[in-house]
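# Analysis of the macromolecular model
The primary structure of each chain is shown beneath.
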Amino acid sequence: MSMRSTEAPKNKFHSGEIEAQYLWGVDGQWDDKRTEKLLWSHIPNEYHKRIEQTQFFFLATSNANGQCDCSFKGGGPNLVRVLSETRLAFPDFDGNGAFMSLGNILQNPQVGMLFIDFAGGARLRVNGSAQIHDDGEMMKLFNTASRVVVVDINLVVPNCKAYIPIIKTIGS
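Source: prediction; values computed, not measured.

The rules behind the values
- Residues numbered from 1 in each chain as written.
- Predicted model: local features only at pLDDT ≥ 70, side-chain atom pairs only at ≥ 80, totals over all residues.
- Heavy atoms only, no water.
- Helix = DSSP H or I, 4+ residues; strand = E, 2+ residues; numbered from the N terminus.
- Contact = heavy atoms within 4.5 Å.
- Polar contact = N/O pair within 3.5 Å; in protein donor to acceptor, adjacent residues only side chain to side chain.
- Pairing = 2+ DSSP bridges.
- Disulfide = S-S within 2.5 Å.
- Patch = residues over 30% accessible without salt bridge, like charges linked within 9 Å, V, L, I, M, F, W, Y side chains within 5 Å.
- Areas by Shrake-Rupley, 256 points an atom, 1.4 Å probe, with all protein chains shown as cover.
- Salt bridge = Lys/Arg side-chain N within 4 Å of Asp/Glu carboxyl O.
- Buried < 20%, exposed > 50% of the residue type's maximum accessible area, 1.4 Å probe, protein only.
- Arc of directions from axis to C-beta.

Inspection of the secondary structure puts Asn63 in the loop between strand E1 (56-62) and strand E2 (68-74). Once the C-alpha coordinates of Asn63 and Met139 are considered, the two residues, 76 residues apart in sequence, prove to be 25 Å apart. Once residues within four sequence positions are removed from consideration, Asn63 is found in contact with Asn104, Gln107 and Asn108. Within the structure, Asn63 has its side chain in polar contact with the side chain of Gln67 (distance 2.7 Å).

The next point concerns the pairing of strand E3 (residues 81-84). Alignment of E3 against strand E4 (residues 87-92), held across three bridges, turns out to be antiparallel. The partner of Ser84 across the bridge, within E4, is Arg87. The antiparallel pairing of E3 with E4 creates a hairpin that spans two residues between the two strands.

Applying the stated rule across the entire model yields zero disulfides. Of the cysteine sulfurs around Cys68, a residue in no disulfide, the closest is that of Cys70, at 9.3 Å.

Next up on the list: unusual backbone geometry. Despite not being glycine, Asn78 shows a phi value in the positive range, around 70 degrees. Residue placement: Asn78 occurs in the loop between E2 and E3.

Side chains of Tyr22, Leu23 and Trp24 sit close together on the surface and give an oily, nonpolar patch of about 440 Å² of accessible area. Here Trp24 lies in the loop between helix H1 (15-23) and helix H2 (32-38). Taking the relative accessible area as the measure of exposure, Trp24 reaches 66% and is therefore exposed.

Quick look at helix H4 (residues 100-107) now. Within H4, burial applies to Ser101, Leu102, Asn104 and Ile105. Down the axis of H4, the sector holding all buried residues measures 160 degrees, keeping them to one side. In H4, the exposed residues that point more than 90 degrees away from the buried face are Met100 and Leu106. Residues of H4 that are buried make contact with E1, E2, E4, strand E5 (110-116), strand E6 (123-133) and strand E7 (147-159).

Written as C-alpha cells, this is what we have:
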C-alpha cells in the first residue's frame, strides 16, 4: 500500500456514529492503527485498476430533506475513471427520465459509491461530493454519455469479504 493510504480523514466519525459505538460497546476499537487501516482520505494506487475494471457499482444519494435513493449503475469495464487519488468520474446515460440520482445530487452533492467484486468478495466504499457536467472537458471522458458525474473523494473504506456471496458469470 502507498504511504498515503494511512492518512485517515480529519473527522473520523460524526456524533451519531460515536453514540452508536458507545451504545453497542465498541467505542474503544478505533485507535490510530485501526483508523489508518480502514478509513482513508483517498483511493490508493493499487485500487485504481480494480475500480476502472468494474462493470457496475451502487450509487447512494439523498435529497435536501434526507430522502435517500440507491441506484445500480452499470455499463461494463471503464464505467468509472479514476482521475486522481481523490477524484473519479462516471457517465450518466439516459434511463427512465426520472433523474432520481441526478436530482438528488442537484440538491445535495454528497454521494456514496459501493463497489463489490462478487467473483472475489472484495468491496470498497467511496464517499464524496459530486458535480454534474453536461458540457466541457469532462464530457470527453465518456463519448456516449449524456452527462458526466465527477466525485471529489473525502472517505474511502475497504471492507472485508465477510457476507459477500461469490457469484460467477456465465459465458460472455
